[in-house]
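Take a look at the letters that make up each chain.
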Amino acid sequence: MSANLLVLFLCLGKAYDILNIYQQAHYHIKSYLKHYFLNVIYTIIIPLPFIILAHFYNIVGYFLLPIIIIYSYFLFLKPKVKLKLSNRIKILIPFNLLIGLIFIIRYYYLFIFYEYLFVIFLYLNIIIFSLINKKYLHQAIKTASKCDKLVIGITGSAGKTSTKWLIYNILKEFYDVSTPDNSINTPLGIASFINNGGLNAEIIILEYGISKRRDMDKLLKIIKPNIGILTGIIPMHMDGFKNEKELFKEKIKLLLASKVTIANYDFKIIRDNIMVDYSFGINYGNNSINIINDNPTSIQAFDCLFKSNLVGNIQAYNIMAMLCVASYLKLDLKIVSNVLGGITNYNHRLKIDGDKHIIIDDSYNSNIVGFKNALKTLKEQKGAKILLTPGIVELGKYKKSIYEELCSSIVYNADYCILVGKHLNRFYYLLKKFAIRVYLVSSFKEGFKLAKSISKSYEYSAILIENDLPDLYKIGFKI
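About the criteria used
- Residues numbered from 1 in each chain as written.
- Predicted model: local features only at pLDDT ≥ 70, side-chain atom pairs only at ≥ 80, totals over all residues.
- Heavy atoms only, no water.
- Helix = DSSP H or I, 4+ residues; strand = E, 2+ residues; numbered from the N terminus.
- Buried < 20%, exposed > 50% of the residue type's maximum accessible area, 1.4 Å probe, protein only.
- Patch = residues over 30% accessible without salt bridge, like charges linked within 9 Å, V, L, I, M, F, W, Y side chains within 5 Å.
- Areas by Shrake-Rupley, 256 points an atom, 1.4 Å probe, with all protein chains shown as cover.
- Salt bridge = Lys/Arg side-chain N within 4 Å of Asp/Glu carboxyl O.
- Lys, Arg positive; Asp, Glu negative; His and termini not counted.
- Charge placed at Lys NZ, Arg CZ, Asp CG, Glu CD.
- pLDDT = per-residue confidence, 0-100.
- Core = buried A, V, L, I, M, F, W, Y, C linked by side-chain atoms within 4.5 Å.
- Contact = heavy atoms within 4.5 Å.
- Pairing = 2+ DSSP bridges.
- Axes fitted to C-alpha atoms, helices over the stretch in contact; angles between N-to-C directions.
- Expected span 1.5 Å × (residues − 1).
- Parallel < 35°, antiparallel > 145°, perpendicular 65-115°, else oblique.
- Nonpolar A, V, L, I, M, F, W, Y, C, P; charged D, E, K, R; others polar.
- Phe/Tyr/Trp six-rings, centres within 6.5 Å; stacked < 30°, edge-to-face > 60°.
- Lys NZ or Arg CZ within 6 Å of the ring centre and 35° of its normal.

Its location among the elements puts Ile21 in helix H1 (residues 3-24). Residue classification places Ile21 among the buried residues on the basis of a relative accessible area of 0%. Expressed as a C-alpha distance, the spacing of Ile21 and Ser31, which sit 10 residues apart in the sequence, is 8.8 Å.

Given below as structure tokens:
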């Protein structure tokens, strides 16, 4: 095989990989580069000696073959995520092929830096789509500026979607209500919802999600809520913030922009820094929660008993946020209570299925509060208690302290712990010090198979699936 064909093979492989990583990084160059820096040993350090020898000794074919083997293993290591041909990707394909041809014709020895050289085209791609999206966002802003409907905005480190789900299901019994599907909470997601007729209802419920400074400003520029809800502040998505206080300052922008404010006062950082119209909590706030039962959740609040089929004591906070909205709107709380009894957990948020061998699906997302709450639910089940998790990501400087805090909770509530991904090596050895059977596997499929195998040894068992990783964490050696 000629050197040019070998380089072509490598360039095509890298071209696919580059576009795939860029897409799974949600078109953020920082996340894209972070992925390659974490995997630099396989993409640059190991291939570099081979390419140097190939160049100086003029025996390209022999020395490129090992690189092909190494990079092919890196690229196609399972589990892999398929590239989707979005408009952004379609525009980048010609530039990818152009660079590939340049490498083949003249500069084959630069191919190991392909990922980094291509960044200039990624920046151009971002500029092009920023201009396209600007027009799209402007259309949404113009439509929202004419909106005279009641808009409910929800933000917080956890519980946004579950709270939205509860409020939506209750309010639709009284009003025409509209809300985006799933967890759409970005500027483009909300803009798409608005541009596609999302405001054609009496009440609109939106999530406001942020991952870095000034993200809330972009969301509020599109549409400001009449009612603002802050579910809580915990160290989540901390890669874009210096500390918890900076995260809080960004989150409360939603409340400052709202006419009616609702917040969970069991979080010290909230109650110490902002006054709201409706504060609630088990220990703090002007609307107290008295938990009658955990699983399913029943609470005493607003001088009424509210029974539900919702699992997990964290649901008490979600119910209370909904009740504050219901109180403001002067809804009949007896009707609210009846409707609440027919609502179940939102998909992949502590959904329980099975009889003797149950699956507790809490795979959508995870944070320290939700994680510990799910473990308590696991503890309440019969038989062997098995935790299957890839852990929590984007914790920033809080990673060490949060994993140390999780250890005691895992050891107390689970009999087995199956960790998914090599990024949990340190957590694995930390848990090994305790009296718990712990395993480290490379994929969810492998971990679930092991969990099912363990459960068969018992008459009763429960498998808790806690969290799912972003697809970017599933590609390459740093899964």
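Still more to cover.
Once that is clear, we can look at a positive patch on the surface. On the surface, a cluster of positive charge is contributed by Arg213, Arg214, Lys218 and Lys242. Within the element layout of this structure, Lys218 appears in helix H11 (residues 215-222).

Let us look at the confidence of the model for the chain. Taken as a whole, the chain shows an average pLDDT of 84; of its residues, 85% reach a score of 70 or greater. Element-level mean pLDDT values for the chain span from 59 in helix H5 (residues 60-76) up to 98 in strand E4 (residues 227-230).

Core analysis: the biggest nonpolar cluster contains 62 residues, and Ile194, Tyr208, Ile223, Ile270, Leu406, Ile410 and Phe427 have the highest contact counts within it. With near-sequence residues (within four places) excluded, Ile194 lies in contact with Ala140, Thr143, Ala144, Leu199, Ile222 and Ile223. Judged by nonpolar contacts, the second largest core, of 37 residues, contains Ile170, Ile205, Ile299 and Leu329.

Looking now at the sheet that holds strand E15 (residues 437-441). The strand order across the open sheet built from six strands is E11-E12-E16-E13-E14-E15, with neighbouring strands paired in mixed fashion. Each of the sheet's edge strands pairs with one partner strand only, and the pair in question is strand E11 (351-353) and E15. Mean inter-strand twist for the sheet, computed between neighbouring axes without regard to direction, equals 15°. In the sheet, E11 pairs with strand E12 (residues 357-362) via three bridges, with the strands oriented antiparallel.

A word on the side chain of Thr231. In this structure, Thr231 sits in the loop between E4 and helix H12 (244-251). Among all residues touching Thr231, those that are not within four sequence positions of it are Ile154, Thr155, Gly156, Ser157, Ala158, Gly159, Thr163, Asn264 and Phe267.

Here three bridges tie strand E8 (residues 290-293) to strand E9 (residues 298-301), and the two strands are oriented antiparallel to one another. Across the sheet, Asn293 pairs through a bridge with Ser298, a residue of E9. Two successive antiparallel strands, E8 and E9, enclose a turn made up of four residues.

Below, the discussion takes up the sheet that holds strand E10 (residues 304-307). Ordered in space as E8-E9-E10, the three strands form an open sheet in which the pairing is antiparallel. At either margin of the open sheet sits one strand with a lone partner, and together these are E8 and E10. Each adjacent strand pair in this sheet contributes to an overall mean axis angle of 25°, direction not counted. Inspection of the sheet shows E9 paired to E10 by four bridges, in the antiparallel sense. In the sheet register, Gln300 faces E10, and the bridge partner there is Leu305. The strands that helix H15 (residues 315-328) touches are E8, E9 and E10; relative to E9, the one it contacts most, it runs at about 40°.

On to helix H8 (residues 119-145). Every α-helix carries 3.6 residues per turn, so stepping three or four residues along brings you back to the same face. The first and last C-alpha atoms of H8 sit 37 Å apart over 27 residues, in line with the 39 Å expected at 1.5 Å per residue. Buried residues of H8: Val119, Phe121, Leu122, Asn125, Phe129, Asn133, Ala140 and Ala144, and no others.

All right, on to helix H10 (residues 187-195) then. Of the residues making up H10, those classed as buried are Gly189, Ile190, Ala191, Phe193, Ile194 and Asn195. Looking at the buried side of H10, the elements it contacts are H8, strand E2 (177-178), strand E3 (203-207) and H11. Directly after H10, the chain includes Gly197, whose backbone phi takes a positive value near 85°.

What follows concerns the packing of helix H17 (residues 368-379) against helix H18 (residues 399-413). Where H17 contacts H18, the axes come no closer than 9 Å and their chain directions differ by 10°. In this view, H17 runs roughly parallel relative to H18, as classed from their interaxial angle. Contacts between H17 and H18 pair Ile368, Phe371, Lys372, Leu375, Lys376, Leu378 and Lys379 from the former with Ile402, Glu405, Leu406, Ser409, Ile410, Tyr412 and Asn413 from the latter. Class assignment for the residues of the contact of H17 with H18 results in eight nonpolar, two polar and four charged.

It is worth spelling out the packing of aromatic side chains at this point. The relation between two aromatic rings is expressed through the spacing of the ring centres and the mutual angle of the planes. If you walk through the whole model with that rule in mind, you get 12 aromatic pairs. Arranged with centres 5.8 Å apart and planes meeting at 15°, the rings of Phe444 and Phe448 form a pair that is stacked. Placement of the pair is Phe444 and Phe448 together in helix H20 (residues 444-455), with a separation of four residues, close to one helical turn. Here Phe444 falls in the partly exposed class, since its relative accessible area comes to 42%. Since its relative accessible area comes to 26%, Phe448 is described here as partly exposed. Feature note: the residues Tyr22, Tyr27, Tyr32, Tyr36, Phe37 and Tyr116 constitute an aromatic cluster, connected by ring pairs. The ring of Tyr27 has Arg88 sitting right over it, with the charged end atom 4.6 Å from the ring centre. Positioned above the aromatic ring of Tyr412, the side-chain terminus of Lys379 is 4.7 Å from the ring centre.

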